[in-house]
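If you want the building blocks of each chain, they are given just below.
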Amino acid sequence: MMGGQKEKTGQADRGQGGEDVHTCCGCRFPLLIALLQLLLGVAIAVVAFIMAATSPSLLARETPHWAGIIMCVVSLLGFILYLITYLPDERTSMQFVAKVLYFLLCSTGVVISVLVIAYQGHHYSQANGFSCREQGEDCVCTLDPMDPIARVFRYEAVSDCAAITDTLKLYFLLQMVLNLAQALVCAVGAFVMWKHRYQVFFAGLQVGSPSAQHWQKV
């Protein structure tokens, strides 16, 4: 009997003064998600800059450093959300704005990562069919060397065409893997926030002052 009363008292105390802290793998949300976003964003940007150093002729969609930088910004907002104490029910305007921005940026991160995967997959399949030859200090590639009107891809400042036919293809594959992981992390972050906010609702009576509220999660 006394044990039951103590348990009820403890629950009431947690309902009045405690915070419903959500954790993910032992870390308070969204610390782990933001950390993974930062690590993957840095890895994507570093690989993209290495790709850009291969040849100045590579386009921005072939070297998606912009995707890595955007995801680093998203992760910084996740750390800010972690520092202001993540709660499923917003109690300050700062929490509300930070959560809305983080949810939207995570959703945008999924779209960006999928676009990068599509671009990298297209360029990888294209590079698989390249027939390249060295021309001065450049590497000239075509999809069909027997076709006189076939599109020509000229990579400037590439003295060894193996950098295009072998190394660059490896970078394309690596970018696809990193952005796939980034898309999954962003999707998990957006889903967890949606789940905490809309899968449950709070019912109960407000007793006394606003600081003494008794809510029951349903």
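Owing to the predicted nature of the structure, the values given are computational and were not obtained by experimental measurement.

Quick look at the pairing of strand S3 (residues 131-135) now. Pairing geometry for S3 and strand S4 (residues 138-142), over five bridges, is antiparallel. Within the sheet, the bridge partner assigned to Glu134 lies in S4 and is Cys139.

Turning our eyes to something else, we now look at helix H3 (residues 65-83). Its 19 residues give H3 an end-to-end C-alpha distance of 28 Å, which sits within 8% of 27 Å, the value for a rise of 1.5 Å per residue. Residues of H3 that are buried include every one of Ala67, Gly68, Met71, Cys72, Val74, Ser75, Leu77, Gly78 and Leu81, and no others.

Evaluation of the coordinates by the stated rule reveals two disulfides. Covalent S-S linkage joins Cys132 and Cys141, the inter-sulfur distance amounting to 2.0 Å. Across the S-S bond linking Cys132 and Cys141, the dihedral sits near 105°, which makes this disulfide right-handed. Assessed through its relative accessible area of 24%, Cys132 is described here as partly exposed. Its relative accessible area of 0% is what places Cys141 among the buried residues.

Among the structural elements, Ser113 can be located in helix H4 (residues 93-128). Here Ser113 falls in the buried class, since its relative accessible area comes to 1%. Setting aside anything within four residues of it in sequence, one finds Ser113 in contact with Asn179, Gln182 and Ala183.

This brings us to a nonpolar patch on the surface. The grouping of Phe96, Val97, Val100, Leu101, Phe103, Leu104, Phe191 and Trp194 at the surface amounts to a nonpolar patch, some 730 Å² of accessible area in total. For the nonpolar patch, the elements supplying multiple residues, two or more each, are H4 and helix H5 (162-198). If you tally residues by element for the nonpolar patch, the top one is H4, at six residues. By relative accessible area, which is 31% here, Phe103 ends up partly exposed.

The next point concerns the environment of Pro56. Along the chain, Pro56 turns up in the loop between helix H2 (31-54) and H3. In this structure the C-alpha to C-alpha distance between Pro56 and Glu156, which are 100 residues apart in sequence, comes to 6.4 Å. With near-sequence residues (within four places) excluded, Pro56 lies in contact with Glu156 and Ala157.

One non-glycine residue, Ala157, lies in the positive phi region at around 60°. Position of Ala157 among the secondary structure elements: in the loop between strand S5 (152-155) and H5. Assessed through its relative accessible area of 53%, Ala157 is described here as exposed.

Contact geometry of H2 with H3 gives a least axis separation of 7 Å together with a crossing angle of 160°. In terms of axis orientation, H2 runs roughly antiparallel to H3. Note that H2 runs across H3; the crossing there is left-handed. Taken together, the residues of H3 that come into contact with H2 (itself represented by Leu31, Ala34, Leu35, Gln37, Leu38, Gly41, Val42, Ile44, Ala45, Ala48 and Phe49) are His65, Gly68, Met71, Cys72, Val74, Ser75, Gly78, Phe79 and Tyr82. A per-class count over the contact of H2 with H3 returns 14 nonpolar, six polar and no charged.

In this structure the tally under the stated criterion is one salt bridge. Notably, a salt bridge pairs Asp138 with Arg154, separated by 3.5 Å at the nearest N-O pair. You can see Asp138 sitting in strand S4 and its partner Arg154 sitting in strand S5, a full 16 residues away along the chain.

Next up on the list: H2. Between its first and last C-alpha, H2 extends 35 Å over 24 residues, near the 34 Å set by a 1.5 Å rise per residue. What H2 keeps buried is the set Ile33, Ala34, Gln37, Leu40, Gly41, Ile44, Ala45, Val47, Ala48, Met51 and Thr54.

Rules and cut-offs
Residues numbered from 1 in each chain as written. Predicted model: local features only at pLDDT ≥ 70, side-chain atom pairs only at ≥ 80, totals over all residues. Heavy atoms only, no water. Pairing = 2+ DSSP bridges. Helix = DSSP H or I, 4+ residues; strand = E, 2+ residues; numbered from the N terminus. Expected span 1.5 Å × (residues − 1). Buried < 20%, exposed > 50% of the residue type's maximum accessible area, 1.4 Å probe, protein only. Disulfide = S-S within 2.5 Å. Contact = heavy atoms within 4.5 Å. Patch = residues over 30% accessible without salt bridge, like charges linked within 9 Å, V, L, I, M, F, W, Y side chains within 5 Å. Areas by Shrake-Rupley, 256 points an atom, 1.4 Å probe, with all protein chains shown as cover. Salt bridge = Lys/Arg side-chain N within 4 Å of Asp/Glu carboxyl O. Axes fitted to C-alpha atoms, helices over the stretch in contact; angles between N-to-C directions. Parallel < 35°, antiparallel > 145°, perpendicular 65-115°, else oblique. Left-handed = near helix turned anticlockwise from the far one by under 90°. Nonpolar A, V, L, I, M, F, W, Y, C, P; charged D, E, K, R; others polar.

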